[in-house]
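Examination of the molecular architecture
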Amino acid sequence: MILETVKLQEEGSLPDAHVVFYILDTPGDKLWIQKRPFVILCPGGGYERTSFREGEPIAMYFLGKGYHVAILRYSTAPAVFPAALLELGRTMALIHENGEKWKADTDQIFVQGCSAGGHLAGTLGTMWQEPFLAQKLHVKAEDLRPAGLLLCYPVISSKEGVAHEGSFRALLGDRYEAEKEKLSLEDRVGEETPPCFLWHTFADATVPVENSLLMAGALHRCHVKTELHIFQEGVHGLGAADELSRRADGSGVQRECQCWTDLAYRWMEHIRHQDEK
């Protein structure tokens, strides 16, 4: 495996913004596999930090399924929109630039995010075609479109009674009141939004389940391929929900939710191979 860390310095980035690439060995003369799909992980943290628990523990699962993985440690407050989005776009561009060297299938780049990281992933999914993004990154817009989105208990809506207000305040800073509505993702979904897998819990007292419900409804109305799973039990911020994600205080394991990774993997494989049927 190749482990490569790349610093990210886009407009508005903080000095410590970076992405870690986990590149599986793919010797073409020894394996049937000639190139591998990719998944970019965007950990949560309310746009104030990025969680360890929502990074490497999830990466280990997808590496075990044969995916290359990138963990994006994007800029958080005091950095404001669109710094993190530009960093995610740059990560997409780096995969395209290194596709041949890394044996990466650049048509199969998925973007996963937890909580506020889900908002970041969803923002790329609903804004990849915005001219400013390709212009600032000096790339083609189509290279910024993910093959699919994996949104885990995501922050989606800025609407009163549903929003995780702290995430939007951290993301927008002084522009919170003026710009919060334009980053309410359920209102940004269109027919060009990539396929989407979502999961949440009814028991989430931090980011209400209505965020995923609103997003799934918007995707369905636009005829975007969507899969939604809602579990009865489970607090916010579970990550993989398994022992690798157990918090220092002993919490963070929820047996009922541990199947989400297997459900997501099967969905990803379906999306990858749907044109072969």
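Scroll up to find the structure this text is about.
Calculation notes
Residues numbered from 1 in each chain as written. Predicted model: local features only at pLDDT ≥ 70, side-chain atom pairs only at ≥ 80, totals over all residues. Heavy atoms only, no water. Helix = DSSP H or I, 4+ residues; strand = E, 2+ residues; numbered from the N terminus. Buried < 20%, exposed > 50% of the residue type's maximum accessible area, 1.4 Å probe, protein only. Pairing = 2+ DSSP bridges.

Examining the environment of Ile 230
- The residue Ile 230 is located in strand β8 (residues 226-231) in this model.
- What makes Ile 230 partly exposed here is its relative accessible area of 26%.
- In this structure, the C-alpha to C-alpha distance between Ile 230 and Glu 100, residues 130 residues apart in sequence, is 38 Å.

Some details on the pairing of strand β2 (residues 18-23)
- Of all 6 residues that make up β2, 5 are buried, and the element is covered over most of its length.
- Two strands pair when backbone bridges link them, and strand β1 (residues 2-7) and β2 are joined in this way by 6 bridges, in the antiparallel orientation. Across the sheet, the residue bridging to Lys 7 is His 18, located in β2.
- Pairing of β2 with strand β4 (residues 68-73) involves 5 bridges; the strand directions are antiparallel. Residue Val 20 lies in a different strand from β4, and its bridge partner there is Ile 71.

Examining unusual backbone geometry
- Here the residue pair Ala 77 and Pro 78 is connected by a cis peptide bond, since its omega of 15° sits within 30 degrees of zero.
- Residue placement: Pro 78 occurs in the loop between β4 and α2 (83-97).
- With a phi close to 60°, Tyr 47 is a non-glycine residue in the positive phi region.
- Within the fold, Tyr 47 resides in the loop between β3 (36-42) and α1 (56-64).
- A positive phi angle, near 35°, is found at Tyr 153, a position not held by glycine.

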